[in-house]
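Okay, here's what each chain looks like letter by letter:
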Amino acid sequence: MIHENASQATDLSSVKVVSRQASIRSIKPSKMSILDNVFFCAFLCAVGGCAAAAQGSINARMGAFSGKGLSSTLVFCIGAVTSFIYFLIEVRGRPPANLAIMLAKAPLWAWTGGVLGAVYVTITILSIPTLGAGTTTAILISAKLIFSCIIDHFGLFGINKRRFTLFRFLAALGLVGCVAVIAAF
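This is a predicted model, so every value here is computed, not measured. (Residues numbered from 1 in each chain as written. Predicted model: local features only at pLDDT ≥ 70, side-chain atom pairs only at ≥ 80, totals over all residues. Heavy atoms only, no water.)

> Quick one: what's the story with the overall build of the protein, residue by residue and with numbers?
From N to C terminus, the protein includes seven helices and zero strands. Each helix (α) and strand (β) of the protein, taken in turn from the N terminus, gives the series α-α-α-α-α-α-α. Out of the 185 residues belonging to the protein, those deemed buried represent 13%. Counting contacts in the protein only where the partners sit at least 6 residues apart, residues at least 24 apart contribute 51% of the total. Roughly 14,600 Å² of accessible area belongs to the protein as shown, and the carbon and sulfur atoms make up 70% of that amount. (Helix = DSSP H or I, 4+ residues; strand = E, 2+ residues; numbered from the N terminus. Buried < 20%, exposed > 50% of the residue type's maximum accessible area, 1.4 Å probe, protein only. Contact = heavy atoms within 4.5 Å. Areas by Shrake-Rupley, 256 points an atom, 1.4 Å probe, with all protein chains shown as cover.)

Structure representation (structure tokens):
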């Protein structure tokens, strides 16, 4: 290629030839999701924590009217409808064509989340009338935090490993101490 102005000439010997599609992809600015924002995610966690605390008491109260087993069933039916609505919003009403193939690739243990959720909800329904919302929630959070640290340490369930340090141990121990205070007073 001949340029009219010598200053516009460029040495192209070091340029790597790539496909048009790859070069277009590299030009597009990457979209940042609001979920990439640490503060927003922390806010969501706080809202989720408040919702979980309220959920246990609400479910236990429903259990007083419907029976504990039916209360758990109702919670999951309503939760399933709510989750399905979120799914439709997420995929904009068009589930991926290869959804069945994607689900078939999931490990068997990945299907146990619903069972574990049902166990969690049933335990809160059974425990809150006896222990109270504060003590039940404190025990659940403490157990959840300690087991989450174990999951991190060993990289269970495909999670990136994160060491269980002395500071994490001391924090977990402090949380157990908080549970004892909440339960005793």
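> Just give me the short version of the environment of Gly174, but keep the residues and values in it.
Note on placement: Gly174 falls in helix H7 (residues 166–184). Looking at Gly174, the relative accessible area reads 36%, which means it is partly exposed. Sequence-wise, Gly174 and Ser142 are 32 residues apart; in three dimensions their C-alpha atoms are separated by 9.6 Å.

> Report on unusual backbone geometry, specifying residues and quantitative values.
The backbone of Arg92 shows a phi angle near 55°, a positive value even though the residue is not glycine. Looking at the secondary structure, you find Arg92 in the loop between helix H3 (68–90) and helix H4 (99–104). We classify Arg92 as exposed; its relative accessible area is 67%. Positioned with a positive phi, Phe157 is a non-glycine residue whose angle comes to about 60°. By the secondary structure assignment, Phe157 is in the loop between helix H6 (133–154) and H7. Assessed through its relative accessible area of 46%, Phe157 is described here as partly exposed.

> A description of the layout of surface pockets should follow, citing residues and the corresponding values.
Quantified by volume, the largest pocket comes out at close to 440 Å³. Of all the secondary structure elements, the ones that give two or more residues to the lining of the largest pocket are helix H5 (113–131) and H6. At six residues, the largest contribution of residues to the lining of the largest pocket is made by H6. Class assignment of the residues belonging to the lining of the largest pocket gives a composition of eight nonpolar, four polar and one charged. Roughly 300 Å³ of volume is contained in the second largest pocket. Forming the boundary of the second largest pocket are Cys45, Gly49, Ala52, Ala53, Tyr120, Thr137, Leu140, Ile141 and Lys144. Elements represented by at least two residues in the lining of the second largest pocket include exactly helix H2 (38–66) and H6. Across the lining of the second largest pocket, the residue classes tally to six nonpolar, two polar and one charged. (1 Å grid on protein atoms, 1.4 Å probe; cavity = no way out; pocket = protein on both sides within 12 Å on 5 of 7 lines; lining within 4 Å. Points joined across faces, edges and corners; volume = space filled by probe spheres on them. Nonpolar A, V, L, I, M, F, W, Y, C, P; charged D, E, K, R; others polar.)

> Please give an account of the packing of aromatic side chains that cites residues and values.
The tally for this structure, following the rule as stated, stands at four aromatic pairs. On the numbers, 5.3 Å between centres and 55° between planes, the contact of Trp109 with Phe157 is tilted. On the criterion of sequence distance, the pair formed by Trp109 in the loop between H4 and H5 and Phe157 in the loop between H6 and H7 is long-range, its members being 48 residues apart. Taking relative accessible area as the criterion, Trp109 reaches 43% and is therefore assigned partly exposed. (Phe/Tyr/Trp six-rings, centres within 6.5 Å; stacked < 30°, edge-to-face > 60°.)

> Describe the side chain of Ser71, listing the residues and the values that go with them.
Its location among the elements puts Ser71 in helix H3. Those residues in contact with Ser71, other than ones at most four positions away along the chain, are Asn59, Met62, Gly63, Ser66 and Ile125.

> Mind laying out the side chain of Arg168, listing which residues take part and the relevant values?
Within the secondary structure, Arg168 is located in helix H7. Other than its neighbours up to four places away in sequence, Arg168 contacts Cys149, Asp152, Arg162 and Arg163.

> Summarise H3; cite the residues concerned and give the values.
Taking 1.5 Å of rise per residue, 23 residues should cover 33 Å, and H3 covers 33 Å from first to last C-alpha, within 8% of that figure. Taken together, the buried positions of H3 are occupied by Ser71, Ser72 and Val75. The elements touched by buried residues of H3 are H2 and H5. (Expected span 1.5 Å × (residues − 1).)

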